[in-house]
Amino acid sequence: MNIGQEVLEALKEEITEVEFNRYIKHLSYDVKKSVNGLAVFYAPNALVVNWISKKYSEKISHLFEIKSNSKVTVKITLKNRIEKRQTKKIAEAKQGSSLLNQSHSFNNFMVGGSNQFAYAAVKSVSENAGKVYNPLFIYGGVGLGKTHLMQAAGNVFQNSGLTVIYTTVEQFLNDFTRSIRNNTMERFREKYRKCDVLLIDDIQFLSNKEGIQEEFFHTFEALKGDGKQIIFTADKHPKKIGGLEARLQSRFEWGLVADIQPPELETKIAIIEKKCEINKVVLTKDIVNYIATVIDSNVREIEGILSKLHAYSQLMHVDIDLEFTKNVLKDQMNENRENLTMDKITQVVAKDLNIKPSEIRSKGRSKNIVYARRISIYICRELTQNTMPQLAQYFGMKDHTAISHTIKKINTLIKEDEDFRVKIEELTNKITSAS
Ligand code: ADP
Ligand code: MG
């Protein structure tokens, strides 16, 4: 048994069996990486990483100290970060496949002020292929429902027997180069110029790709000439795309250009409720409201959060309550903010409070330094994966008990001092929106 396993065995004696089986059992110790006062453990998912770091890393490092007679910093981390990234990439690449996602329907699309113009335009096109707005150009930020709307129309067309091609610029380009290589251009042109409806997602990627713009232009002309419906999406207005041939750019605006704006709170709530219904996740009203307020405009995040909530609650046999939701959301945000460092947090806090980052990390006791330090420590604790000992080291404090003492103090202040709480919220927002 290695020292890491010994420590976990010792921990078993200190906590309940349920806790042990739920979290600690899943930890594995990395003998190779654990050198020079560092103990590395792997956990299976980010939530476990978060909880263990928060709840047990102090205990674990204490047990290490007893066993090895020297100070040890405990690092709990995800085993397969790299693998995870790759899976994500593959999933992203798959999105470019020409299959329409059946669940992208008009019924499942929640309409509010932010998207009603685009919705009405796509809906109307779906009822009158090639007859009303051709081409239809939908633009807006990431995760606001462009692909969903486009495919909703695609599904309607397909169900009425039309031949629909849904593609991305990348796929169109790959298909094109493959056809050149294999001498199958004729087939390529037959496919793209003879379909009834052409849906091209994220057309902004045409920018600065001259060869394919030429081919694409002729595809467009052929389809438009035959009265076939074309729909585009992009992350910005055609005028702003840049690196496009003038003749293409002007054609993008021939039909109708409609934008989608970030959803208002009520729309976000409606979307969450809809997604819960579809995914059979039951959430109370206050949890739905909480999620809607905390996430920003990117609706895509909602799905991630719901599936995480669902998966973890099953995995860990706990009900989804507000506390649990907060943890999962925090975890999700940490994942989004892997790059957020203590340096960055301290910099933002220092700038806002008009002092130097080095002062925050100094032993200075003046009122404004202590104030800035408390805020920085609190935000670092909330937004990064650093453990108490790491925080202590960073902020020049004696050890993790000093940090833990400070955090207790801050929590009291947050409850008692409205201005302090507001300042923390304000700075947290600033930091997270900049990352
Ligand atoms: P975009 O293509 O604009 O980046 P997507 O269409 O991929 O965004 O949308 C991201 C996710 O959010 C999808 O799962 C989609 O179903 C969902 N979504 C976005 N807007 C809405 C909405 N108004 N109603 C329901 N779901 C939505
Ligand atoms: Mg999209």
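Residues numbered from 1 in each chain as written. Chains lettered and ligands numbered in written order. Predicted model: local features only at pLDDT ≥ 70, side-chain atom pairs only at ≥ 80, totals over all residues. Heavy atoms only, no water.

K.L.:
How would you explain the pattern of salt bridges if you had to name every residue and give the values?
P.N.:
Evaluation of the coordinates by the stated rule reveals 18 salt bridges. Among the ionic pairs, Asp352 bridges to Lys423, the shortest N-O distance being 2.8 Å. Placement of Asp352 in helix H17 (residues 342–353) and of Lys423 in helix H22 (residues 418–434) is noted, with a sequence separation of 71 residues between them. With a closest N to O distance of 2.8 Å, Arg421 and Glu418 form a salt bridge. With Arg421 and Glu418 both in helix H22, this residue pair falls 3 residues apart, about one helical turn. Residue Arg421 is classed as partly exposed on the basis of its relative accessible area, which comes to 26%. According to the relative accessible area criterion, Glu418 is partly exposed, its value standing at 49%. Residues participating in the shared-partner salt-bridge network are Asp175, Arg178 and Lys191. (Salt bridge = Lys/Arg side-chain N within 4 Å of Asp/Glu carboxyl O. Helix = DSSP H or I, 4+ residues; strand = E, 2+ residues; numbered from the N terminus. Buried < 20%, exposed > 50% of the residue type's maximum accessible area, 1.4 Å probe, protein only.)

K.L.:
Mind laying out the site of ligand 1, listing which residues take part and the relevant values?
P.N.:
Around ligand 1 lies a shell of 18 residues, among which Gly143, Thr147, His148, Arg300 and Glu303 are the nearest. With respect to ligand 1, the backbone of Gly145 contributes an N or O atom lying 3.0 Å from an oxygen atom. The side chain of Glu303 places a nitrogen or oxygen atom 2.6 Å from an oxygen atom of ligand 1. For ligand 1, the accessible surface in isolation is 560 Å², of which the surrounding protein chains cover 94%. Those elements that provide at least two residues to the shell around ligand 1 are helix H7 (146–159), helix H13 (265–279) and helix H15 (300–315). Of the residues forming the shell around ligand 1, the biggest block, 3 residues, is contributed by H7. (Near = heavy atom within 4 Å. Polar contact = N/O pair within 3.5 Å; in protein donor to acceptor, adjacent residues only side chain to side chain. Areas by Shrake-Rupley, 256 points an atom, 1.4 Å probe, with all protein chains shown as cover.)

K.L.:
Talk me through the sheet that holds strand S3 (residues 73–78); I want residue IDs and the actual numbers.
P.N.:
Read across the open sheet, the 3 strands follow the order S1-S2-S3; overall the sheet is mixed. Each having just a single partner strand, strand S1 (28–29) and S3 make up the two edges of the open sheet. Across 2 bridges, the pairing between S1 and strand S2 (residues 38–43) is antiparallel. Across the sheet, residue Ser28 finds its bridge partner in S2, namely Tyr42. (Pairing = 2+ DSSP bridges.)

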